Amino acid sequence: MRHFLDLASAGADGIAAILNDALDAKAARKGWPRGRADGDASLAGHTLACVFEKSSTRTRVSFDMAMRQLGGSALVLDAGTTQLGRGETVADTARILSGYCDAIMVRTDDPAKLDEMAHYASVPVVNGLTDGSHPCQIVADLLTVIESGKTLPGLKWAWLGDGNNVLHSIVEAGALLGFDVIAACPEGYDPAADVIEAAGTRARITRDPVEAVRDADVVVTDTWISMGQAQADAKLAAMAPYQVTRDLMAHAKSDAVFLHCLPAHRGEEVTTEVIDGPQSLIWPEAENRLHAQKAILRWCFGLVG
């Protein structure tokens, strides 16, 4: 049994195996209806419990469809309509779900809840998002960059804006797979210091967005106001200089690609001409959540790597 709580759960070799599996499985399905099961239906008879304490579009649909294509099924559980939302402990929920289902995906706020779920579950647990990390998203991002024709080691990734959970996982990926991450963040919105320190020379922070983007191969941003955050006006004002514009993208390499995990707020963190422009890969990136999730689930069951 393997838990996928962060990218380090799989390690560099595991991530490489997951990416290769995703590429192969995606290619094998070309032209097929979305609801048709894979030829090997490798998780036939398996059920995934999807626990949502935070709202979702991509995570919800991609995990559900991932299990369908793998030949299994998914149960979508909202905390507000389960006993978890009425005070049942995470530990008890983990034990109960382990008796009903073959794996658990959790999308929650506190990373400690994810760790507790993994500690008490007797089936694989997957991190669908916490406030500390978003590893499934980054597997999809890595897949998208590879499909664009780039080789990951030696790349420069530029991050613009809030030092959030998505950035944490990008930094972790860079340290594992050998690419550099330069994060341009306003004062007071830096990523967690321990995440940057753990990456060593592979990650650093700047206040200058041009410095971050200069000669970058990949430019990434995210919405500035995440779910449940307060003091939006002050944060928007601090973030304004870090908006990804056509002029800022001009400092990146000519073949640089733009990524955004979505949902996007055009005119805030990125201009319409960039996110809907020729360098943007947001739609392949969003679709790749499905293919990444499938490979992650197969890795959890020992079918990959």
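Up top is the structure.
Residues numbered from 1 in each chain as written. Predicted model: local features only at pLDDT ≥ 70, side-chain atom pairs only at ≥ 80, totals over all residues. Heavy atoms only, no water.

Some points on the pattern of salt bridges
Okay, so step 1: A full pass over the atoms with the stated rule returns 20 salt bridges.
Okay, so step 2: With its nearest N and O atoms 2.8 Å apart, the salt bridge here joins Arg29 to Asp38.
Okay, so step 3: In this structure Arg29 comes out as buried when scored by relative accessible area, which is 8%.
Okay, so step 4: When its relative accessible area of 11% is taken as the criterion, Asp38 is described as buried.
Okay, so step 5: Counted as one network, the salt bridges with shared partners bring together Asp21, Asp40 and Arg298. (Salt bridge = Lys/Arg side-chain N within 4 Å of Asp/Glu carboxyl O. Buried < 20%, exposed > 50% of the residue type's maximum accessible area, 1.4 Å probe, protein only.)

Things to note about the sheet that holds strand E3 (residues 103-107)
Okay, so step 1: Reading across from one edge, E2-E1-E3-E4 is the order of the 4 strands in this open sheet, with parallel pairing throughout. Looking at the sheet topology across the chains shown, the edges are occupied by strand E2 (73-78) and strand E4 (125-129). With strand direction ignored, the average angle separating the axes of adjacent strands in the sheet is 20°.
Okay, so step 2: Examined bridge by bridge, strand E1 (residues 47-52) and E2 share 6 bridges and lie parallel to one another. Bridging from a neighbouring strand, Cys50 pairs with Val76 of E2. (Pairing = 2+ DSSP bridges. Helix = DSSP H or I, 4+ residues; strand = E, 2+ residues; numbered from the N terminus. Axes fitted to C-alpha atoms, helices over the stretch in contact; angles between N-to-C directions.)

Quick word on the pairing of E3
Okay, so step 1: Burial analysis of E3 places 5 of its 5 residues in the buried class, which makes it a mostly covered element.
Okay, so step 2: Residue alternation in E3 divides its side chains into two sets, Ala103, Met105 and Arg107 and Ile104 and Val106, and both sets are buried.
Okay, so step 3: Of the strand pairs in this sheet, E1 and E3 are connected by 5 bridges, and their pairing is parallel. Counted as the bridge partner of Val51 is Val106 from E3.
Okay, so step 4: Two strands pair when backbone bridges link them, and E3 and E4 are joined in this way by 4 bridges, in the parallel orientation. Residue pairing for E4: Ile104 is matched across the bridge by Val125.
Okay, so step 5: Regarding topology, helix H4 (residues 111-120) serves as the crossover connection from E3 to the parallel E4, and that connection is right-handed. (Right-handed = clockwise from strand over helix to strand, strands pointing away.)

Quick notes on the packing of helix H5 (residues 135-147) against helix H12 (residues 282-300)
Okay, so step 1: It is the contact of H5 with H12, at a shortest axis distance of 8 Å, that shows an interaxial angle of 115°. Considering their axes alone, H5 and H12 lie roughly perpendicular with respect to each other. Here H5 runs over H12; the crossing is right-handed. Between H5 and H12, the contacting residues are Cys136, Gln137, Val139, Ala140, Asp141, Leu143, Thr144 and Glu147 on the first element and Pro284, Glu285, Asn288, Arg289, His291, Ala292, Gln293 and Ile296 on the second.
Okay, so step 2: Looking at the contact of H5 with H12 residue by residue, the class counts come to 7 nonpolar, 5 polar and 4 charged. (Parallel < 35°, antiparallel > 145°, perpendicular 65-115°, else oblique. Left-handed = near helix turned anticlockwise from the far one by under 90°. Contact = heavy atoms within 4.5 Å. Nonpolar A, V, L, I, M, F, W, Y, C, P; charged D, E, K, R; others polar.)

A few points about the nonpolar core
Okay, so step 1: Among the nonpolar cores identified, the biggest contains 59 residues, and Phe4, Ile18, Leu142, Trp157 and Phe179 are the most heavily contacted of them.
Okay, so step 2: Each residue touching Leu142, except ones within four places of it in the same chain, is listed here: Ile15, Leu19, Leu152, Trp157, Ala173, Leu177 and Phe179.
Okay, so step 3: By size, the runner-up hydrophobic cluster in this structure holds 20 residues, among which are Val213, Phe258, Leu262 and Val270. (Core = buried A, V, L, I, M, F, W, Y, C linked by side-chain atoms within 4.5 Å.)

What about the packing of aromatic side chains?
Okay, so step 1: This model, assessed by the stated rule, comprises 2 aromatic pairs.
Okay, so step 2: Ring geometry for Trp157 and Phe179: centres 4.7 Å apart, planes at 15°, overall stacked. A residue pair is termed long-range when its members are at least 10 positions apart, and Trp157 in strand E5 (residues 156-160) and Phe179 in the loop between helix H6 (165-177) and strand E6 (180-184) qualify at 22 residues. Of the two residues, Trp157 and Phe179, neither departs from the other in class, the shared state being buried.
Okay, so step 3: The lysine or arginine in question, Arg60, covers the ring of Phe52, its NZ or CZ lying 4.6 Å from the ring centre. (Phe/Tyr/Trp six-rings, centres within 6.5 Å; stacked < 30°, edge-to-face > 60°. Lys NZ or Arg CZ within 6 Å of the ring centre and 35° of its normal.)

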